[in-house]
Amino acid sequence: AEILDQDFHIEEAVEWTGLDLKLGQVSGLALDPENNLVVFHRGDHVWDENSFDSKFVYQQRGLGPIEQDTIIVLNPSNAELLHSTGKSLFYLPHGLSVDKNGNYWVTDVALHQVFKLGAKDKEPLLTLGVPLQPGSDKNHFCQPTDVAVDPVTGSIYVSDGYCNSRIVQFSPSGLYVMQWGEETSLGRSGPGQFSIPHSLALIPDLSQLCVADRENGRIQCFRLETGEFTREIKHKAFGRELFAVSYIPGGLLFAVNGMPYPGEAESVQGFVMNFSTGEIIDTFIPLRKSFEMPHDIVASEDRTVFVGDVHAKAVWKFASVEKLEHRSV
Ligand SMILES: O=C(N[C@@H](O)C(=O)O)c1ccccc1
């Protein structure tokens, strides 16, 4: 008998011209309902060590908001610019997701706010948080990192943030519902403890929310309705930092980690995992240029993957290369 075992590998789509785009620091990626690539970038603003004071208050308001369009929509095949918006609204873009109606949901770590923007609108439809005021109650975030909307219930989930350690749930109209998570206690990082909840992957078919627990170098998943911890996915290959996660129906989970600390072995790369077992089934790096600080990852159902890098100011495209191996048994 002859068995065809399909073994797929992810490798850079080198025909993708998106690598030549003149972007600012790329902080967020998402796919819209037409499967177009949406990029959230910082234009001429940068997040560096002078951006915040010791109380996480943004120090560069004098610069004004970013004057370029910070949200750009690209044809996923040829990187052609289809649409752009988001000028004069943001100071330090961070997380991006697109809901099933094509609305853009973003976070701004300088404003400490979350915004809902209609695809063609110039002004936000919904705003959460108090501008420029860090905090950790029902109305304040501290450098919120990402936002995800449950396509079934419309519930809004915010990963909050660099200077908080929680996931906050809001109703579809933006009313505070509940929160979970706590700071990682020294030494041990237990279930539900975070050290920068940095990126969200909402898994509607399993009604779970997975979180890139960045400085704990791991992924934690929770039940959407209750915030109950369901599982941790952690591998030595991740190294110390795990920056972003993305899930596609059918059970594949994608992630990117951080640059290794001096002397550490684990290199910066992308990972493909089997969600149900947590096992790594492939890893990938660019052929052109190199990852510097891969900051977000988004995968589409046809296993096309995009990675945005906040230091390289680049967006790479990766595609799965089907390898049909004929084995006779
Ligand atoms: O992590 C940092 N930035 C990235 O996550 C990012 O979103 O740019 C950072 C840390 C310290 C100082 C300045 C920037």
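Here, the structure is the one placed above.
Residues numbered from 1 in each chain as written. Predicted model: local features only at pLDDT ≥ 70, side-chain atom pairs only at ≥ 80, totals over all residues. Heavy atoms only, no water.

A look at the layout of surface pockets
Stage number 1. Approximately 830 Å³ is the volume attributed to the largest pocket.
Stage number 2. The wall of the largest pocket is formed by 33 residues, among which Leu-31, Val-98, Leu-202, Tyr-247 and Val-298 lie closest to the centre.
Stage number 3. The set of elements that each furnish at least two residues to the lining of the largest pocket consists of β2 (26-31), β6 (93-98), β10 (146-149), β16 (197-203), β20 (242-248) and β24 (294-299).
Stage number 4. When the residues that make up the lining of the largest pocket are grouped by side-chain class, the tally is 21 nonpolar, 5 polar and 7 charged. (1 Å grid on protein atoms, 1.4 Å probe; cavity = no way out; pocket = protein on both sides within 12 Å on 5 of 7 lines; lining within 4 Å. Points joined across faces, edges and corners; volume = space filled by probe spheres on them. Helix = DSSP H or I, 4+ residues; strand = E, 2+ residues; numbered from the N terminus. Nonpolar A, V, L, I, M, F, W, Y, C, P; charged D, E, K, R; others polar.)

Overview of the pattern of salt bridges
Stage number 1. Taken as a whole and judged by the stated rule, the model has 10 salt bridges.
Stage number 2. Here Glu-215 ties to Arg-214 by a salt bridge, and the two come within 2.8 Å at their closest N and O atoms.
Stage number 3. Judged by relative accessible area, Glu-215 falls into the partly exposed class, the value being 27%.
Stage number 4. Judged by relative accessible area, Arg-214 falls into the buried class, the value being 10%.
Stage number 5. Residues Glu-232 and Arg-218 are paired through a salt bridge, measuring 2.6 Å at the closest nitrogen-oxygen approach. A residue pair is termed long-range when its members are at least 10 positions apart, and Glu-232 in strand β19 (residues 229-233) and Arg-218 in strand β18 (residues 218-223) qualify at 14 residues. (Salt bridge = Lys/Arg side-chain N within 4 Å of Asp/Glu carboxyl O. Buried < 20%, exposed > 50% of the residue type's maximum accessible area, 1.4 Å probe, protein only.)

Notes on unusual backbone geometry
Glycine aside, negative phi is the norm for most residues, and most peptide bonds take the trans geometry.
Stage number 1. Cis geometry is found at the peptide bond from Asp-160 to Gly-161, where omega equals 20°.
Stage number 2. For Gly-161, the position within the fold is in the loop between β11 (156-160) and β12 (166-170).
Stage number 3. Positive phi is not limited to glycine here, since Arg-303 has a value of about 65°.
Stage number 4. By the element assignment, Arg-303 lies in the loop between β24 and β25 (305-309).
Stage number 5. Although it is not a glycine, Lys-313 adopts a positive phi angle of roughly 50°.

Overview of the site of the ligand
Stage number 1. Contacts to the ligand come from Arg-42, Trp-47, Asp-48, His-94, Tyr-162, Arg-214, Met-293, His-295 and Val-310.
Stage number 2. Within the side chain of Tyr-162, one N or O atom sits 2.6 Å away from an oxygen atom of the ligand.
Stage number 3. Arg-214 is positioned such that a nitrogen or oxygen atom in its side chain is 2.8 Å from an oxygen atom of the ligand.
Stage number 4. Within the complex, 76% of the 350 Å² of free accessible area of the ligand lies under protein.
Stage number 5. Its residues placed into classes, the shell around the ligand shows 4 nonpolar, 2 polar and 3 charged. (Near = heavy atom within 4 Å. Polar contact = N/O pair within 3.5 Å; in protein donor to acceptor, adjacent residues only side chain to side chain. Areas by Shrake-Rupley, 256 points an atom, 1.4 Å probe, with all protein chains shown as cover.)

Thoughts on the state of the cysteines
In protein structure, a disulfide is the covalent linkage between the sulfur atoms of two cysteines.
Stage number 1. Under the counting rule described, the total for this entry stands at 2 disulfides.
Stage number 2. Across a sulfur-sulfur distance of 1.9 Å, Cys-142 and Cys-163 are joined as a disulfide pair. Its S-S torsion of about -95° marks the bond between Cys-142 and Cys-163 as left-handed, since a negative value means left-handed. Within this pair, whereas Cys-142 is found in the loop between β9 (126-128) and β10, its partner Cys-163 is found in the loop between β11 and β12, the two being separated by 21 residues in sequence. Take Cys-142 and Cys-163: they sit in the same class, and that class is buried.
Stage number 3. Covalent S-S linkage joins Cys-210 and Cys-221, the inter-sulfur distance amounting to 2.1 Å. Linking Cys-210 and Cys-221, the disulfide has an S-S dihedral of approximately 105° and is accordingly described as right-handed. Of this pair, Cys-210 sits in strand β17 (residues 208-213) while Cys-221 sits in strand β18, and the two are 11 residues apart along the sequence.
Stage number 4. Take Cys-210: its relative accessible area is 0%, and that puts it in the buried class. (Disulfide = S-S within 2.5 Å.)

Quick look at the sheet that holds β12
Stage number 1. A sheet is described by the order of its strands in space; here 4 strands give the open sequence β10-β11-β12-β13, paired in antiparallel fashion. Whereas interior strands pair on both sides, the edge strands pair on one side only; in this sheet they are β10 and β13 (176-180). Here the strands of the sheet are splayed against their neighbours by 20° on average, with no regard to which way each runs.
Stage number 2. Examined bridge by bridge, β10 and β11 share 4 bridges and lie antiparallel to one another. By the bridge assignment, Val-149 is partnered in β11 with Ile-156. (Pairing = 2+ DSSP bridges. Axes fitted to C-alpha atoms, helices over the stretch in contact; angles between N-to-C directions.)

What to know about the sheet that holds strand β3 (residues 37-41)
Sheet strands pair via backbone hydrogen bonds, and the direction of the pair is either parallel or antiparallel.
Stage number 1. In spatial order, the strands read β2-β3-β4-β5; together these 4 strands make up an open sheet with antiparallel pairing. On the outer flanks of this sheet lie β2 and β5 (81-85), each paired with one strand and no other. Neighbour-to-neighbour, the strand axes of the sheet open up by a mean angle of 20°, direction not taken into account.
Stage number 2. As paired strands, strand β4 (residues 71-74) and β5 are joined by 4 bridges and run antiparallel to one another. Among the inter-strand pairings, Ile-71 is bridged to a residue of β5, identified as Thr-85.

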